[in-house]
Amino acid sequence: MSGTVAGVEARMPIRSDLDLVWVRQHVRRAAAALGFGLVDQTKLVTAASELARNTLVYGGGGEMAAEHVRDGRAQGLRLTFSDRGPGIADPERALSDGYTSGGGLGLGLGGARRLVHDFSLDSTPGVGTTVTVTSWAVRSPRQREEPR
Amino acid sequence: MPEHETAAEQTTPASDVGRFLHRRREQIAQRWADEPLFRTVFTVSRDEAVEAGRVLVDALAQVAETGRVADTDAAGFTAVREQLTGMVASRARFGLTSGQVSTEVDGLRPPAVTLLAADLPEATPEHLRECTTLLTVLMGTLRLVVLETSLSEGQALIDRQQLELMEATTPVIRLWDGIVAVPLIGTLDSARSQVVMETLLESVVDQQARFAILDITGVPMVDSLVAQHLMKTVAAVRLMGAECVVSGIRPAIAQTIVHLGLDLGTVVTRSSLADALAYALKRLGADIVIAAPGGAGPR
Amino acid sequence: MNHDLSLSSAHVPVLRLGDVLLITLQGDLHDGTAEQLQRDIAEQIVRSPVTGVVIDISGVEIVDSFLGRVLAEIAASSRLLAAQTVVAGMRPAVAITLVELGLSLPGLRTALSTEAALGMLATASPGGPRREPR
């Protein structure tokens, strides 16, 4: 994942569905402050909501760290969701649409990946899961990575 | 860096310069406020210029203390990058080139160096020379940081203009009360599709349009990616409560779509923009009556 | 027309307009609130049948897969109780995001505005004023 960290913005606990509201509001404010357009803000907030809910429901709670990152002229927001839950045995499968171990639509991880510019998943069964996503405010017309 | 004899008292040129910057912060800021760079950027009040100068001195002191005087990515510089960006942008509005701004930044060096010499009367000539060199390197790095900032500002401007150009080449036309259309001309890549989708959806809201027509007559090639973008646009329009019609699918494109195995089954398609308009009008409850014989053929 | 403002749900009021339930969602919805709303709507329909449910989401800034699922479920369960659900006023940014997320909600009826939704229901319901476009 590219970009250098220009500052840690916040760490937020994810322990209840009320925390999801705070996470969404924080990400919205931070993205707006970095100059994200309305559509990109909405995409990132939605991705954060999906990932935070995963952390809560499957990871048994955890936290989100938000960082302001920079890559040349681009301003970005990097969000890291971490939990010490059961972990994901088969990350590739977890990222495919329709896969779910809970009651949802199974769009959480795969859907969130399509809403951000960079996505990485690191999970160890029995230890926990960390998902890191980054989106950039200055999205130049250069083609971004096409999700499969 | 060669160890110096006077370094016995545990001072290095870097720490000396750092201490100097802290000690003389106010004087340096005051002098800088009178230099062209600060004078022209902060026109409202001199206090503002002095305050900006103080912030910059603090940043340089921080860089000197960490010893990374030649590193444009040093933490101290990061802290003032935003301020520098603002200053550069302000000078650029006056029509100054990056080079000219850089020269103005260099104008900040002599006052600082003069103050340094006055601040270290006890120092041996060698130590003073080393400190001066170090300060000069530090100011040179600042100049690089500013240059970097102004170049990236230039790139950002180009990006913005490219985006504006894309928006300009994606006009949304109101064809009828409740019917909007985008005639797409040229290659449809990801970035452009995004702009098309956003502008079309905005106009659906603005016009409260029940029908949105995407005319792809002028799109030279439809590959699976383009088709995917079309489907996404159709789906988004539907979610907003309007209906999307794709028109202008030439025979060659129809074949490609079939070859790619793409299912456009749920998408309403028409061969021409006129047919799409007729479809939408009919759905809106309007009747089209051709009064003159011959009809509306291609001119 | 019988305007019965029911405050049975904790946060989202369900307004009864004749034989249509009108719900206006605003801002950022708590998961619990959305689930509560789902139960409230079903209860209301059972208590006194309606022909339509209009959910105005023009004030909603994000719809994630959870809220998307709640909306789809409201539509599905209302249909079982013989009521049509129309989701009205989705913002462009929300629509784009939902599509990118992979949630195109095919079973859900949508309208540009609450007025348009009420018009659709009036046209569709046999008892309502028929306004068949010719």
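Just above sits the structure.
Described below are features of the structure shown in this document.

Thoughts on the overall build of chain B
Scanning chain B for helices and strands turns up twelve helices and five strands. Across the 299 residues that make up chain B, the buried fraction comes to 42%. A separation of at least 24 residues holds for 72% of the contacts in chain B among residues at least 6 apart in sequence. Per element, the accessible surface of chain B, about 15,200 Å² overall, is 56% carbon and sulfur.

Re the packing of aromatic side chains
All names here are of chain B. This model, assessed by the stated rule, comprises three aromatic pairs over all chains. On the numbers, 6.0 Å between centres and 25° between planes, the contact of Phe38 with Phe42 is stacked. With a relative accessible area of 0%, Phe38 lands in the buried category. The exposure class assigned to Phe42 is buried, which follows from its relative accessible area of 16%. In this arrangement the basic side chain of Arg91 is found over the ring face of Phe94, its NZ or CZ atom lying 5.3 Å from the centre.

Structural notes on the interface of chain A and chain B
The interface of chain A with chain B comprises nine residues on the first partner and 16 residues on the second. Taken together, both faces of the contact between chain A and chain B bury some 1,100 Å²; the carbon and sulfur share is 58%. Counting every contact that joins chain A to chain B gives zero salt bridges. Viewed at the interface, chain B and chain A are joined by zero residue pairs in polar contact (both at pLDDT 80 or more). In terms of residue class, the side of chain A that touches chain B is made up of three nonpolar, two polar and four charged.

Some thoughts on the packing of helix H4 (residues 108–115) of chain A against helix H3 (residues 92–101) of chain C
Between two packed helices, both the angle of their axes relative to each other and the distance between the axes serve to describe the pair. Running from amino to carboxyl end, H4(A) crosses H3(C) at an angle of 125°, the nearest separation of the two axes being 8 Å. As judged from the angle between their axes, H4(A) and H3(C) are oblique. Note on packing geometry: the crossing formed by H4(A) with H3(C) is right-handed. Judged by residue contacts, Gly111(A), Ala112(A), Arg114(A) and Leu115(A) of H4(A) engage Thr97(C), Glu100(C) and Leu101(C) from H3(C). Taken together, the residues that form the contact of H4(A) with H3(C) break down as three nonpolar, two polar and two charged.

A look at the nonpolar core
Leu79(A) and Ile23(C) are the most contacted members of the largest nonpolar core, which totals 103 residues. Residues contacting Ile23(C), with those up to four places away along its chain left out, are Val12(C), Pro13(C), Val14(C), Leu37(C), Ile41(C), Val53(C), Val54(C), Ile55(C) and Asp56(C).

Thoughts on the interface of chain A and chain C
Across the boundary between the two partners, chain A contributes 25 residues, which contact 20 residues of chain C. Note on chain A versus chain C: buried area summed over both sides is about 1,900 Å², and carbon and sulfur give 58% of it. For Asp64(C), the salt bridge is made with Arg53(A), and the minimal N-O distance between the two is 2.9 Å. Here chain A and chain C share ten residue pairs in polar contact (both at pLDDT 80 or more) between them. Broken down by secondary-structure element, the contributors of at least two residues to the side of chain A that touches chain C are helix H1 (17–33), helix H2 (38–57) and H4 of chain A.

Digging into the environment of Gly53(B)
All names here are of chain B. Within the secondary structure, Gly53 is located in helix H4 (residues 46–66). Classification of Gly53 by relative accessible area gives buried; the value is 0%. Counting along the chain gives 15 residues from Gly53 to Phe38, while the straight-line C-alpha distance between them is 7.9 Å. Among residues more than four places away in sequence, those in contact with Gly53 are Ala29, Trp32 and Phe38.

Analysis parameters
Residues numbered from 1 in each chain as written. Chains lettered and ligands numbered in written order. Predicted model: local features only at pLDDT ≥ 70, side-chain atom pairs only at ≥ 80, totals over all residues. Heavy atoms only, no water. Helix = DSSP H or I, 4+ residues; strand = E, 2+ residues; numbered from the N terminus. Buried < 20%, exposed > 50% of the residue type's maximum accessible area, 1.4 Å probe, protein only. Contact = heavy atoms within 4.5 Å. Areas by Shrake-Rupley, 256 points an atom, 1.4 Å probe, with all protein chains shown as cover. Phe/Tyr/Trp six-rings, centres within 6.5 Å; stacked < 30°, edge-to-face > 60°. Lys NZ or Arg CZ within 6 Å of the ring centre and 35° of its normal. Buried area = accessible area lost by both parts, 1.4 Å probe. Salt bridge = Lys/Arg side-chain N within 4 Å of Asp/Glu carboxyl O. Polar contact = N/O pair within 3.5 Å; in protein donor to acceptor, adjacent residues only side chain to side chain. Nonpolar A, V, L, I, M, F, W, Y, C, P; charged D, E, K, R; others polar. Axes fitted to C-alpha atoms, helices over the stretch in contact; angles between N-to-C directions. Parallel < 35°, antiparallel > 145°, perpendicular 65-115°, else oblique. Left-handed = near helix turned anticlockwise from the far one by under 90°. Core = buried A, V, L, I, M, F, W, Y, C linked by side-chain atoms within 4.5 Å.

These values are about where atoms sit, not about what they do.
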